[in-house]
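Notes for the structure review
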Amino acid sequence: MSEHRARWSRRVRGMVAAGSTMALAVVMPGLAQAQDRPQEESAAGAAGIDWADCGEGSVPGAQCAAVEVPLDWAKPNGRKITLALSKLPALDPANRIGPLLFNPGGPGGSGVAAVAYSDLLSAAPEFAPLRQRFDVIGFDPRGVGQSTPITCPEPLHDSAVSSFPRTPAAFHQLKRFNQKAGVACREATGPLIDHVDTGSVVSDVEALRTALGAKKISWLGLSYGTEIGSLYAQRHPDRVRTMVLDGVVDHSRPARLAAVDEARATEKALRRFADWCQTDEQCVLRGADVLATYDTVMKAAEVSGIPASDLGRNATAEELANGAYTFLTQPSAWPLLAGALAQAAGPAGDADATGLVTPASFLQPEYKAYRAVGCHDFAPNTRGFLDMAVQSAHLRSVAPHTWRYSEFWDWTSGCAGWPVKPANPPAPLKVRGAPPILLVNTRFDAATPHLWAQRLATKVDGSSLLTVEGDGHTGILNSACARGHEAEYLVTGRVPSPGTTCTASASPALNAAITGGERR
């Protein structure tokens, strides 16, 4: 198989086929004056981008490049870093609208991979108008993928260090571990680690707009990409043509409240998975008490761990809950979750938790960027052991089954003792002066609760919220209806009528493009 394979962001990939580790190689030519710039784009101030074929394994016609931006936007003439880009040129250049920037989520997701090395756009027929009318642009945010990366030579996870310390001594152990790991990241990465916050990424996006020679951009952001998009719209409302925020993150929500929201949503997702399991023939636990099975697995793992052959050791309950969460975020992965739970609950001597732990965040290569960006953007400001104990007790009360893992608790625990000062903590947000913006969220999203989309809609003047009545993370991955509305809006600028909803629908072709994450 080709080495030119793209690993999707964990939050976008969602269900992750077990063992689908893939590397990405991107041609990154130097900067040069752009050629054949379309008439509707302003060349004034454009740095230009020298595009070249992305090479083996890429989507036909995909082009790759690199641009330089300041390491520190407060010092625009200082040291530079590199951003990797990819592009699918509009198939109908005579009716080309302009650039559509795509961020697939994260933090840590590769836009270069999603655009140039994935079949997402061709697998979803509803997106055909986007390929016809836009130059689709992917980029790896600073610290991510083929852009100047975050480097961490020491593990950011230790199975012996609990994310839920039960004593002051365990809390200080957690802080010491995070501090040591963070110092190693800082020494290996250099000053970039102080500037991988989303505020700096937004400045990069504005620089990309200029380099592309575009007066305005269209934006398609999933999950973490909605945080980038909403902050860009707040800072540069006059530079937005259209913007879809799908799987909404409300960065104005304090991290400790967001953790509770997400815990509730994850608990609800597990219960809906259990209900599905009662009747669906794809569930190997059909007819069993699924919640009891889940609890049995977690309690057994708490006592002595459950063997995970791929890890070469026993997996802890926190690690298994992490993997289960990833499966819960996409209903197309629920059959895999059922099988993984059944294996982990097997009889003594035969239990194997490998399938359940494989998609856990700490095993993914993008976890370094995920942690570094998250501690800038979602730092919880936990005030000592007692404060953390109160927060964790609250999670147990709202999520009695799934409390052991949520993404915001990953940051709550992982950022304790982290040696880098947060550059972009949660803050009030208000978008004024932008054209209508389309927000999309599924009703029962475990990763980005519907509540966040409702809240953000009140902070974006003229926005429209499209709700998918179903499960899963993002409308794009779970509803043909949502994809159709998003594509129509991005092309025409017309948002759906107020109160519009969509039904969830499975797309085998789209799921194959995502879970495979590669071109064969």
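All residue numbers refer to position in the chain's written sequence, counted from 1. Side-chain atom pairs in this predicted model are given and counted only at pLDDT of 80 or more, local residue features only at pLDDT of at least 70, and totals for whole chains, interfaces and linings cover all residues. Hydrogens and waters are ignored; side-chain quantities use all the structure's heavy atoms.

Digging into the overall build of the protein
Counted only if it meets this: Note on conventions: DSSP H or I runs of at least 4 residues are helices, E runs of at least 2 residues are strands, and numbering of each starts at the N terminus. Throughout this description, buried means an accessible area under 20% of the type-specific maximum (1.4 Å probe, protein chains only), exposed means over 50%, and partly exposed covers the range between. Here a residue-residue contact requires only that any non-hydrogen atoms of the pair lie within 4.5 Å. Accessibility throughout is a Shrake-Rupley quantity obtained with a 1.4 Å probe, and a residue counts as covered only by protein chains that appear here.
The secondary structure content of the protein amounts to 18 helices and twelve strands. When each of the 520 residues of the protein is scored for burial, the buried share is 60%. The long-range share in the protein, meaning contacts at least 24 apart out of those at least 6 apart in sequence, stands at 77%. For the protein, the accessible area works out to roughly 18,900 Å², and carbon and sulfur atoms hold 52% of it.

Concerning the sheet that holds strand E1 (residues 52–53)
Worth spelling out the cut-off: When DSSP locates at least two bridges between a pair of strands, those strands are taken to pair. Orientation is described by axes fitted as lines to C-alpha atoms, over the contacting stretch for helices, and by angles from 0 to 180 degrees between their N-to-C directions.
The strand order E1-E2-E3-E5-E4-E6-E7-E10-E11-E12 describes an open sheet built from ten strands, whose pairing is mixed. The open sheet has two free edges, formed respectively by E1 and strand E12 (501–503), since each of these has just one partner strand. Packed on one face of the sheet, helix H7 (residues 224–235) meets strand E4 (98–103), strand E6 (217–222) and strand E7 (240–246) and runs near 150° to E7.

Structural notes on the packing of aromatic side chains
Inclusion rule: Stacked, edge-to-face and tilted are the three classes for Phe, Tyr and Trp ring pairs, Trp counted by its six-membered ring, which pair at centre distances within 6.5 Å; planes under 30 degrees apart are stacked, over 60 edge-to-face, the rest tilted.
For the structure shown, the criterion picks out 14 aromatic pairs. Ring centres of Tyr367 and Tyr370 lie 5.7 Å apart, and the angle between their planes is 25°; on these two criteria the pair is classed as stacked. With Tyr367 and Tyr370 both in helix H13 (residues 367–377) and three residues apart, the pair spans about one turn of that helix. Classification of Tyr370 as buried rests on a relative accessible area of 4%.

Digging into the pattern of salt bridges
For side chains bearing opposite charge, pairing can occur when the charged atoms are close. Our working rule: Salt bridge, as used here, is a side-chain nitrogen of Lys or Arg placed within 4 Å of a carboxyl oxygen of Asp or Glu.
Tallied over the entire structure, the rule returns 15 salt bridges. For Arg272, the salt bridge identified is with Asp471, shortest N-O distance 2.4 Å. Taken together, the residues span a long stretch of sequence, with Arg272 in helix H8 (residues 255–279) and Asp471 in strand E11 (residues 464–471) at a distance of 199 residues. Across the pair Asp461 and Lys430 runs a salt bridge whose closest N-O atoms are separated by 3.1 Å. Of this pair, Asp461 sits in the loop between helix H16 (450–457) and E11 while Lys430 sits in the loop between helix H15 (407–414) and strand E10 (438–444), placing them 31 residues apart in sequence. According to the relative accessible area criterion, Lys430 is partly exposed, its value standing at 28%. One salt-bridge network, held together by shared partners, links Asp250, Arg455 and Lys459.

Focus on the pairing of E4
The two faces of the sheet receive side chains in turn, since in a regular strand these alternate between them. Most of E4 sits out of view: six of its six residues are buried. Pairing analysis gives five bridges linking E4 to strand E5 (residues 134–139), with the strands arranged parallel. Residue pairing for E5: Leu101 is matched across the bridge by Ile137. The sheet contact formed by E4 and E6 spans four bridges and is parallel. Looking at the pairing, Leu101 lines up with Trp219 of E6.

Observations regarding the side chain of Thr448
Rules: Polar contacts here mean pairs of N or O atoms no more than 3.5 Å apart (in protein, one a potential hydrogen donor and the other a potential acceptor; neighbouring residues in sequence count only if both atoms are side-chain atoms).
With respect to the secondary-structure elements, Thr448 resides in the loop between E10 and H16. On the basis of relative accessible area, Thr448 is assigned to the buried category, the value being 0%. In terms of polar contacts, Thr448 uses its side chain to reach the side chain of Asp445, at 2.8 Å. Within the structure, the side chain of Thr448 is placed 3.4 Å from the side chain of His473, a separation counted as a polar contact.

Quick look at the confidence of the model for the protein
Quick note on the threshold: pLDDT: the predictor's confidence for each residue, scored from 0 to 100.
Chain-level statistics for the protein give a pLDDT mean of 90 and a share of 90% at 70 or above. Contacts from residues 1–46, a stretch scored under 50 in pLDDT, to residues over four places away or in other chains number 155 contacts.

Looking at the state of the cysteines
Condition: By convention in this document, the label disulfide applies to cysteine sulfur atom pairs within 2.5 Å.
Scanning the entire structure with this criterion turns up five disulfides. Across the disulfide from Cys375 sits Cys415; the S-S distance is 2.1 Å. Residues Cys375 and Cys415 share a disulfide whose torsion about the S-S bond is about -100°; that sign makes it left-handed. Of this pair, Cys375 sits in helix H13 while Cys415 sits in the loop between H15 and E10, and the two are 40 residues apart along the sequence. Of the two residues examined, Cys375 and Cys415, each falls in the buried class. If one numbers only the bonded cysteines of the protein, in the order they occur, the disulfide pattern is 1-2, 3-4, 5-6, 7-8, 9-10.

Points about the nonpolar core
Our working rule: Put simply, buried Ala, Val, Leu, Ile, Met, Phe, Trp, Tyr and Cys residues joined by side-chain atoms within 4.5 Å make one nonpolar core.
Counting 102 residues, the largest nonpolar core has Trp219, Phe273, Leu320, Leu356 and Ile437 as the members making the most contacts within it. Take this core: its biggest share by element is nine residues, from H8. Sequence-distant contacts of Leu320, defined by excluding residues within four places in its chain, comprise Val297, Met298, Ala301, Ile306, Ala315, Ala353, Leu356 and Val357. Grouped together as the second largest cluster of nonpolar side chains are 37 residues, Cys54, Cys64, Val112 and Tyr489 included.

Section: the side chain of Arg209
Looking at the secondary structure, you find Arg209 in helix H6 (residues 198–211). With relative accessibility at 7%, the residue Arg209 sits in the buried group. Setting aside anything within four residues of it in sequence, one finds Arg209 in contact with Ala214, Lys215, Lys216, Ile217, Tyr232 and Arg239.

Some words on helix H14 (residues 384–398)
An α-helical turn contains 3.6 residues, so a residue and the one three or four places further along point in the same direction. Definition in use: In this scheme, a helix's expected span is set at 1.5 Å multiplied by one less than its residue total. In this description, one arc is meant: the one made by directions from the helix axis to the C-beta atoms.
In this model H14 runs 22 Å from its N-terminal to its C-terminal C-alpha over 15 residues, within 8% of the 21 Å that 1.5 Å per residue would give. Every buried residue of H14 is accounted for by Phe385, Asp387, Met388, Gln391, Ser392, Leu395 and Val398. Along the axis of H14, the buried residues cluster in a sector spanning 165°; they form a single face. Set apart from the buried face of H14 by more than 90 degrees, the exposed residues are Leu386, Val390 and Ser397. On its buried side, H14 packs onto helix H5 (168–189), H8 and H15.

Overview of empty space enclosed by the protein
Convention followed: Think of a 1 Å grid over just the protein atoms. A cavity is a set of points where a 1.4 Å probe fits yet cannot get out, a pocket is an open set with protein on both sides within 12 Å along at least five of seven lines, and lining residues have an atom within 4 Å of a point. Grid points are joined across faces, edges and corners, and a volume is the space filled by probe spheres set on the points. Nonpolar residues are Ala, Val, Leu, Ile, Met, Phe, Trp, Tyr, Cys and Pro. Charged residues are Asp, Glu, Lys and Arg, and all others, Gly as well, are polar.
A full pass over the atoms with the stated rule returns four cavities of 30 Å³ or more. Residue lining of the largest cavity: 22 residues in total, with His157, Ser163, Tyr367, Asp410 and Ser413 positioned closest to the centre. For the lining of the largest cavity, the secondary-structure elements that each account for two or more residues are H5, helix H10 (317–328), H13 and H15. In terms of residue count, the dominant contributor to the lining of the largest cavity is H15 (four residues). Class assignment for the residues of the lining of the largest cavity results in nine nonpolar, seven polar and six charged.

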